[in-house]
Amino acid sequence: NHSVVSTDVPMSKRSDYVDLCRNIIRDMDLYGVCVLDNFLGYERGMSVLNEVMNLYSMGVFKDGELVRNKASNNLKTIRGDEIIWVDGRENSCKHIGQLISDVDSVVMGSNQMNDNGKLGNYTINGRTKAMVACYPGHGSHYVKHVDNPNKDGRCITAIYYLNKDWDIKENGGLLRIFPEGWSDQVADIEPLFDRILFFWSDRRNPHEVQPAFKTRYAITLWYFDGNEKEEAGKKFHVASQSNICCFENAT
Ligand SMILES: Cn1c(O)c(C(=O)NCC(=O)O)c(=O)c2ccccc21
Ligand SMILES: [Mn+2]
């Protein structure tokens, strides 16, 4: 956890920008997972949280899947995660848009800064829109899964958490990653306010969201490796092209 001083200058102009990128490069190379705290700072974190809560109160989130409450083992279904896709240019999502460009800056910065000029040997040339997710509490969870099990092009998952005063024992909602090759080790990540998490999207990082008992918000971006994405495009139509953005003149 690297507590960074964040001010309102553009990410790539911040004094700690190079350190952030170096931390990402090192942690991704060593563990395939990287957690940074205080990513935007309190003020800007709160602005993003307020935009997300406004969106949620407007009822624009797609209803979550109904999942059987395996915990209580009765047939009562509980509403799972609810999501909405945001590209950040919508006029009620300015701060979400700023978050997105800051995440782009550190991902692309890390991608270029690495000695072999690539993050994990990927050529990152695009990403999805931002998936804003809400777990409404009452035990909603997400079963263990791999984000990209079959080479659809996504190489890095970036998740920004928005949950203030989160008490993991009371509120649950832990993200548990089961890193491949770590035998019985797991990485437990609390979905804390203004925390950002990066991990390889492929089979190296199966993960689950444990039942949440308080409203749990997160914003996810998936970054594409150009080559894998191109190959995927040939093999099968990548679902919902509408949520994919490509970087202009991506090198
Ligand atoms: C709502 N939600 C997710 O929360 C995760 C996920 O892995 N979340 C990890 C986390 O929030 O810590 C997902 O991977 C996911 C994938 C497709 C649609 C919805 C999804
Ligand atoms: Mn996932």
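Quick caveat: nothing in here was measured; it's all calculated off a predicted structure.

## Re the pattern of salt bridges
So, point 1. Counted by the stated rule, this structure contains eleven salt bridges.
So, point 2. For Asp102, the salt bridge is made with Arg44, and the minimal N-O distance between the two is 2.8 Å. In this pair, Asp102 sits in helix H3 (residues 94–113) while Arg44 sits in helix H2 (residues 42–57), placing the two residues 58 residues apart along the sequence.
So, point 3. Judged by relative accessible area, Asp102 falls into the buried class, the value being 2%.
So, point 4. Under the relative-accessibility criterion, Arg44 is labelled buried at 10%.
So, point 5. A salt bridge links Glu230 to Lys234; its shortest N-O distance comes to 4.0 Å.

## A look at the sheet that holds strand S10 (residues 187–189)
In a beta sheet, neighbouring strands are held together by backbone hydrogen bonds and run either parallel or antiparallel to one another.
So, point 1. One open sheet holds the four strands; their spatial order is S7-S12-S9-S10, and the pairing between them is antiparallel. Whereas interior strands pair on both sides, the edge strands pair on one side only; in this sheet they are strand S7 (140–145) and S10. Going from strand to strand, the sheet's axes swing by 20° on average, the running direction of each strand aside.
So, point 2. Pairing between strand S9 (residues 175–177) and S10: three bridges, direction antiparallel. Pairing of Leu175 across the sheet is with Ile189, part of S10.

## Some remarks on the confidence of the model for the chain
So, point 1. Put simply, the chain has an average pLDDT of 88, and 86% of its residues get 70 or more.
So, point 2. Here residues 1–6 is modelled with pLDDT under 50, and outside its nearest four sequence neighbours on either side it reaches 24 contacts, counting other chains as well.
So, point 3. Two numbers describe this predicted complex: its pTM, 0.91, and its ipTM, 0.99.

## Some thoughts on the packing of aromatic side chains
So, point 1. Within this structure, the stated rule accounts for six aromatic pairs.
So, point 2. Among the aromatic residues, those joined into a cluster by ring pairs are Tyr56, Phe61 and Tyr217.
So, point 3. Positioned over the ring face of Trp222 is Arg154, at 4.9 Å from the centre of the ring.
So, point 4. Lying over the aromatic face of Phe224, Lys229 brings its terminal NZ or CZ to 5.3 Å of the ring centre.

Cut-offs used in this document
For every chain, the first residue of the written sequence is number 1, and numbering continues from 1 onward in sequence order. Numbering of ligands from 1 and lettering of chains from A proceed in the order in which they are written. Only residues with pLDDT of at least 70 get local features here, since the model is predicted, and only at 80 or more are side-chain atom pairs given and counted; chain-wide, interface and lining totals rely on the full set of residues. Excluding hydrogens and water, the side-chain figures rest on all heavy atoms present in the structure. In what follows, salt bridge is the name for a side-chain nitrogen of Lys or Arg lying within 4 Å of a carboxyl oxygen of Asp or Glu. Only runs of H or I of at least four residues qualify as helices and only runs of E of at least two qualify as strands under DSSP, and these elements are numbered from the N terminus. Summary of the burial criterion: residues with accessible area below 20% of their type's maximum are buried, those above 50% are exposed, and those between are partly exposed, where the area comes from a 1.4 Å probe applied to protein chains only. Strands are labelled as partners when DSSP assigns at least two bridges between them. Under this scheme, a helix contributes an axis fitted over its contacting stretch, all axes are lines through C-alpha atoms, and angles between N-to-C directions fall in the 0 to 180 degree range. Known as pLDDT, the predictor's per-residue confidence is scaled from 0 to 100. The contact definition used throughout considers only heavy atoms, calling two residues in contact when any of these lie within 4.5 Å. Under the pairing criterion, centres of Phe, Tyr and Trp rings, with the six-membered ring standing for Trp, must be within 6.5 Å; the plane angle then separates stacked pairs below 30 degrees from edge-to-face pairs above 60, leaving the rest tilted. Throughout this description, the term charge over a ring refers to an Arg CZ or Lys NZ atom that lies within 6 Å of the ring centre and within 35 degrees of the ring normal.

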